[in-house]
Amino acid sequence: MIKRSFFTLSQPMLNYDLVEPDPKELESIPIPPNLILLLNEPIDSTRPPLIKKGAAVEKGEKLCLYNDSTEYTISPVTGTLTFIDTYSDDFGNTSTYLVIKNDQGQTTKTDSAIYDLKDDIASADQYLRTLPGAPPLKLLAKDDVKINTIVITCADTDLLSTTNQYVTLKFLDEVKQGAKVLKRITHVPNLCITIPEGLNIKEEFDSIKVFKTALKYPSNLPAIILKDHLNMILPAGKKPEDIGVCFISAEAVVSLGRAYKTKSADFEKILTVIGKQGTRYRVKATIGTPLHKIFKAFSILVNDQDRIIIGGPMMGFSTYTHLHPVQPDMDIVMIQGRDILPEISDYPCVNCGNCLRICPANVPVNILVRYLEADLYEEADDKYDLSSCIECGLCAYVCTAKIPLFQYIRLGKHELLKLRAEV
Amino acid sequence: MNNNKLTVSHAPFWHDGDSLFKMNLNIMIATLPAIIFGIIQFGAPAVGVLALSLSSAMAWELIINVLSKKKITIGDLDSAVIGLVFGMMLPATSPWWLVITGTFVAVVIGKMIFGGVGANPFNPALVGMAFLMLSWKVFFDFDAAYINYEFNFTALAPLAALKFQGVDAVADLFPLSDLIMGRQVGAIGSTFGLGLIIGGIYLILRGYIRWEIPASFIAGIIVTALCFSMAKPDTYAGPMLHLFSGYTLIGAFFLATENSSSPANRIPMLLYGFFAAVMIILMRNIGAYADGTVLAILLLNLVNPLIDTIRPKALGKGISNA
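Residues numbered from 1 in each chain as written. Chains lettered and ligands numbered in written order. Predicted model: local features only at pLDDT ≥ 70, side-chain atom pairs only at ≥ 80, totals over all residues. Heavy atoms only, no water.

Our next topic: the overall build of chain A. A tally of helices and strands in chain A yields 12 helices and 16 strands. For chain A, whose C-alpha radius of gyration is 22 Å, the value lies close to the compact-globule estimate of 22 Å for 423 residues. Its C-alpha atoms put chain A at 60 × 50 × 50 Å along the principal axes. Pairs at least 24 residues apart make up 68% of the contacts formed inside chain A by residues separated by at least 6 positions. Total accessible area on chain A stands at roughly 18100 Å², and carbon and sulfur atoms take up 51% of it. (Helix = DSSP H or I, 4+ residues; strand = E, 2+ residues; numbered from the N terminus. Rg over C-alpha atoms; globule rule 2.2 N^0.38 Å. Contact = heavy atoms within 4.5 Å. Areas by Shrake-Rupley, 256 points an atom, 1.4 Å probe, with all protein chains shown as cover.)

What follows is the structure, given as structure tokens:
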């Protein structure tokens, strides 16, 4: 954990890690006997499901719950479906998890299903949503969303993660090929790529604009990239796609390119794993691998009250189970020992102004939190810019009173959406 | 496979390790140069006043915590800072009951009844001080307070001398070097200008006070006092006398910067510091008080919520959907 420096006249410097110039080969995690897949659709017990316990599934087979489902997942192995149940995330949203017993053993060579991929986005969206890196194909395929700029992010969004940098460094040619595929299937006129300053690669991309992003957090957040490099201000409460910009990770671009080359899907996700002492490992694991298999491979001991963090220390989430599977969009997993968990407090704001000065979106967090504590969400948004927050987490990082500021803000946004949905 | 119970919470999972305890401890450390000098200058009675002030302030908070059946909060040292700064503003000869009454008003009325730390609209130490100054004015006559002391410098409180004897009389009495090095009569912690500046700079560098407030405060003192003395050099003293006497420097670094009663945005901080200083000079030069620091900062505390609404526009606010 990065602590406050002794002299802090300037703001604390949280810098992104750079991938080492000559990274080691990835450690490969064997395909586990049981894989867990998450399907972003809740179980509806009143309807007959398409998939049942005991069913045989093929590698590359598309699995969806009901006839008219738009959500699907792809089985990474040939095996048997042994379990289906409801999974709920940290905000109580429910989805479904499937357990697949691996019948193919360790062979990755088993032929995956061949897809009938055409050069249009709808066809890609039909099969490739769960590629490693989770390309936002669903968004791109939407008719009512007009995307005119796609930003390929080789710079990882959260701290500590170097997954996308690694992919860029190792598979630069495939990034370029993937970008061509992306351009061909989406017909989006502007293609841009973000590369962290100091990453040692040849920056020659035909017809792709290169943005050098600073190493200082949070310069790789979508809203900041829009502001710094595209000269676009993200309107409060809007998403980048609302102003015609879509972000896609370098890994997703690479796997998209591969998928179009082989007409089949790839299931090996690259992950940065951070151990308790901050040791970094970089692994390749099949999507659906339970996390404890990865920890076991590096003899990382997970004890009671430790924290498993997925997605990075500033913006990620923590899971309640070792069985949480590797997901297509999971770039980093870190373990925090219980002895270094920072405490949070129920102290009131003392108005020291640290949050205010560090906020990249100029949100008056010190006043906002008073409204959020009192559940006044509408006022918080109207007067104190709740929805301008770009969710970087810096306010809670620097809070002297240790108020869980970012947690309040996320809850506030969630409740506000609920309130507005009810109206 | 094991089935451990994991800790689950929301991002961010890091914290920079700062805390209220550390912040307040650092403020107390920063007062040390001025306090040690005050103790050397004024002797054992100064130790007594400071110790009683600090301990009684914490005791008042503890009593209120117990009475209101709330969590005990003295561990964050907020009351300790109030008590210490309050003690620094008292003459070393203050009687015990004056100190205890003052800390009662400061901690209980100035802070606890508003809801404790972070909720006070005024600087608690100043609320206590204003109460004492209005009720027992005689104890704040520094010339009378140190009547039994023998000093090897001018044993007159500079601001009172200025008020009652005029600028001509004080011109030679208080050389600038004496004022900076604390060779003047005043409250325990307010005489050693250099020590206060060192403490203040330490706090600014550590990030525990915001540099804008002391900087604009000092600029305000210099600019306003200079304007007055240039207009009528026979009537009004120059800026340096004002800067290094009375409560000016303790005000700049330890009183005006109190977190919850001062603004947090940049332009409001500059306005707040500057106008607090303008008010001080106005009170000293035109008003009835010899030293208006206490009331001037309280007045600006009152304006704080209003001026702190001047703030930069948040990202993406007020932009129509492109």
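Residues and elements named next belong to chain A. We note that the domain assignment places domain 1 (15–25 + 112–337), domain 2 (34–102) and domain 3 (354–422) within chain A. Taking only C-alpha atoms, the centre of domain 1 and the centre of domain 3 are 27 Å apart. Here domain 1 and domain 3 share an interface that buries about 780 Å² over both sides, 68% of which is from carbon and sulfur atoms. Summed over the shared surface of domain 1 and domain 3, the result is zero salt bridges. The interface formed by domain 1 and domain 3 contains two residue pairs in polar contact (both at pLDDT 80 or more). Its residues assigned to classes, the side of domain 1 that touches domain 3 comprises eight nonpolar, two polar and one charged. (Domains from an automatic or database assignment. Buried area = accessible area lost by both parts, 1.4 Å probe. Salt bridge = Lys/Arg side-chain N within 4 Å of Asp/Glu carboxyl O. Polar contact = N/O pair within 3.5 Å; in protein donor to acceptor, adjacent residues only side chain to side chain. Nonpolar A, V, L, I, M, F, W, Y, C, P; charged D, E, K, R; others polar.)

Residue and element names in this part refer to chain B. Between its first and last C-alpha atoms helix α1 (residues 20–42) spans 31 Å; for 23 residues at 1.5 Å apiece the expected length is 33 Å, and the two agree. Of all the bends in α1, the largest measures some 45° and sits at L32, one to four residues before the proline P33. Immediately beyond the C-terminal end of α1, within one or two residues, lies G43, with a positive phi of roughly 80°. (Expected span 1.5 Å × (residues − 1). Bend = angle between axes of the 7 residues up to and from the residue.)

Right, let's talk about the nonpolar core for a bit. Ranked by internal contacts, the top residues of the largest apolar core, which has 149 residues, are Y217(A), L405(A) and F217(B). At eight residues, α1(B) tops the list of elements feeding residues into this core. Those residues within four positions of L405(A) in sequence are excluded, and the remaining contacts are C355(A), V365(A), V369(A), C395(A), A396(A) and C399(A). Grouped together as the second largest cluster of nonpolar side chains are 48 residues, L137(A), I248(A), A252(A) and L256(A) included. (Core = buried A, V, L, I, M, F, W, Y, C linked by side-chain atoms within 4.5 Å. Buried < 20%, exposed > 50% of the residue type's maximum accessible area, 1.4 Å probe, protein only.)

Here we come to helix α13 (residues 266–285) of chain B. Look at α13(B): 29 Å from first C-alpha to last across 20 residues, which is about the 28 Å you get at 1.5 Å a residue. Within α13(B), the full set of buried residues consists of P268(B), M269(B), Y272(B), G273(B), A276(B), A277(B), V278(B), I280(B), I281(B), M283(B), R284(B) and N285(B). If you follow the buried residues of α13(B), they end up packed against α8 (354–358) of chain A together with α7 (158–170), α10 (212–231), α11 (239–243), α12 (248–255) and α14 (293–307) of chain B.

Let's shift gears to the sheet that holds strand β10 (residues 209–213) of chain A. All names here are of chain A. Strands sit in the order β10-β9-β8-β11 across an open sheet of four strands; the sheet is parallel. Every other strand in the sheet has two partners, leaving β10 and β11 (245–249) as the edge strands with one partner each. Each neighbouring strand pair of the sheet contributes to a mean axis angle of 25°, computed without reference to strand direction. Pairing between strand β8 (residues 149–153) and β11: five bridges, direction parallel. Across the sheet, I150 pairs through a bridge with C246, a residue of β11. (Pairing = 2+ DSSP bridges. Axes fitted to C-alpha atoms, helices over the stretch in contact; angles between N-to-C directions.)

Here we come to the interface of chain B and chain A. Facing 49 residues of chain B, the contacting portion of chain A comprises 82 residues. Counting the surface chain B buries against chain A, the share from its top three residues, F13(B), W14(B) and L315(B), is 17%. Linking chain B with chain A are three salt bridges. K71(B) is the partner of D346(A) in a salt bridge, and the nearest nitrogen-oxygen pair spans 3.0 Å. Mapped by element, the contributors of at least two residues to the side of chain B that touches chain A are α1 and α9 (193–206) of chain B. Per-element tally for the side of chain B that touches chain A: the top contributor is α9(B), with four residues. Residues of the side of chain B that touches chain A, tallied by class, amount to 22 nonpolar, 17 polar and 10 charged.

Turning to the layout of surface pockets, a few remarks are in order. All names here are of chain B. Estimates place the volume of the second largest pocket at around 640 Å³. Around the second largest pocket, the lining is made up of 32 residues, and of these F140, D141, A160, A290 and D291 lie nearest the centre. Taken together, the elements giving at least two residues each to the lining of the second largest pocket come down to α5 (124–135), α6 (142–145), α7 and α14. The biggest single contributor to the lining of the second largest pocket is α7, with six residues. (1 Å grid on protein atoms, 1.4 Å probe; cavity = no way out; pocket = protein on both sides within 12 Å on 5 of 7 lines; lining within 4 Å. Points joined across faces, edges and corners; volume = space filled by probe spheres on them.)

Throughout the structure, instances matching the rule amount to 30 salt bridges over all chains. A salt bridge links E251(A) to K269(A), with the nearest nitrogen and oxygen atoms 2.3 Å apart. One end of the pair, E251(A), is in helix α6 (residues 250–262); the other, K269(A), is in strand β12 (residues 268–274), with 18 residues separating them in the sequence. What makes K269(A) buried here is its relative accessible area of 0%. As a salt-bridge pair, D385(A) and K317(B) come within 3.4 Å of each other at their nearest N and O atoms.

Moving on: the pairing of β8(A). Residues and elements named next belong to chain A. Burial within β8 is extensive, with five of its five residues counted as buried. Judged by which residues are buried, β8 turns out to be covered on both faces: T149, V151 and T153 on one side and I150 and I152 on the other are all buried. Both β8 and strand β9 (residues 190–196) contribute to a ladder of five bridges, which runs parallel. Each residue of the ladder has a partner; that of T149, found in β9, is N190.

This next bit is on the sheet that holds strand β6 (residues 79–88) of chain A. Residue and element names in this part refer to chain A. Taken in spatial order, the four strands make up an open sheet running β2-β7-β6-β3, and their pairing is antiparallel. The open sheet has two edge strands, β2 (34–39) and β3 (56–57), and neither has a second partner. Note: β2 against strand β7 (residues 94–102), six bridges, orientation antiparallel. Looking at the pairing, L38 lines up with Y97 of β7.

Let us look at the domain arrangement of chain B. Residues and elements named next belong to chain B. By domain assignment, chain B separates into domain 1 (20–139) and domain 2 (154–306). Taking the mean C-alpha position of each, domain 1 and domain 2 sit 21 Å from one another. Between domain 1 and domain 2, the contact holds 36 residues from the first and 33 residues from the second. Counting the surface lost from both domain 1 and domain 2, the interface buries some 2800 Å², and carbon and sulfur atoms represent 71% of this. On the surface where domain 1 and domain 2 come into contact, there are zero salt bridges. Within the residue set of the side of domain 1 that touches domain 2, elements represented by two or more residues are α1, α2 (44–67), α3 (78–88) and α5. The element that contributes the greatest number of residues to the side of domain 1 that touches domain 2 is α1, accounting for 13 residues. A class-by-class count of the residues in the side of domain 1 that touches domain 2 yields 27 nonpolar, eight polar and one charged.

This next bit is on the packing of α1(B) against α9(B). Residue and element names in this part refer to chain B. Look at α1 against α9: their axes get within 6 Å of each other, and the N-to-C directions meet at 160°. By the angle between their directions, the pair α1 and α9 is classed as roughly antiparallel. As for how α1 packs across α9, the hand of that crossing is right-handed. Here N26, I27, I29, A30, P33 and A34 of α1 lie close against α9, whose contacting residues are G195, L196, I198, G199, Y202, L203 and R206. (Parallel < 35°, antiparallel > 145°, perpendicular 65-115°, else oblique. Left-handed = near helix turned anticlockwise from the far one by under 90°.)

Let's shift gears to unusual backbone geometry. Cis geometry is found at the peptide bond from Y217(A) to P218(A), where omega equals 0°. Its location among the elements puts P218(A) in the loop between β10 and α5 (222–229). Backbone torsion omega between A11(B) and P12(B) reads -5°, so that peptide bond is classified as cis. Along the chain, P12(B) turns up in the segment before α1. Even without a glycine there, the phi angle at L160(A) is positive, about 70°.

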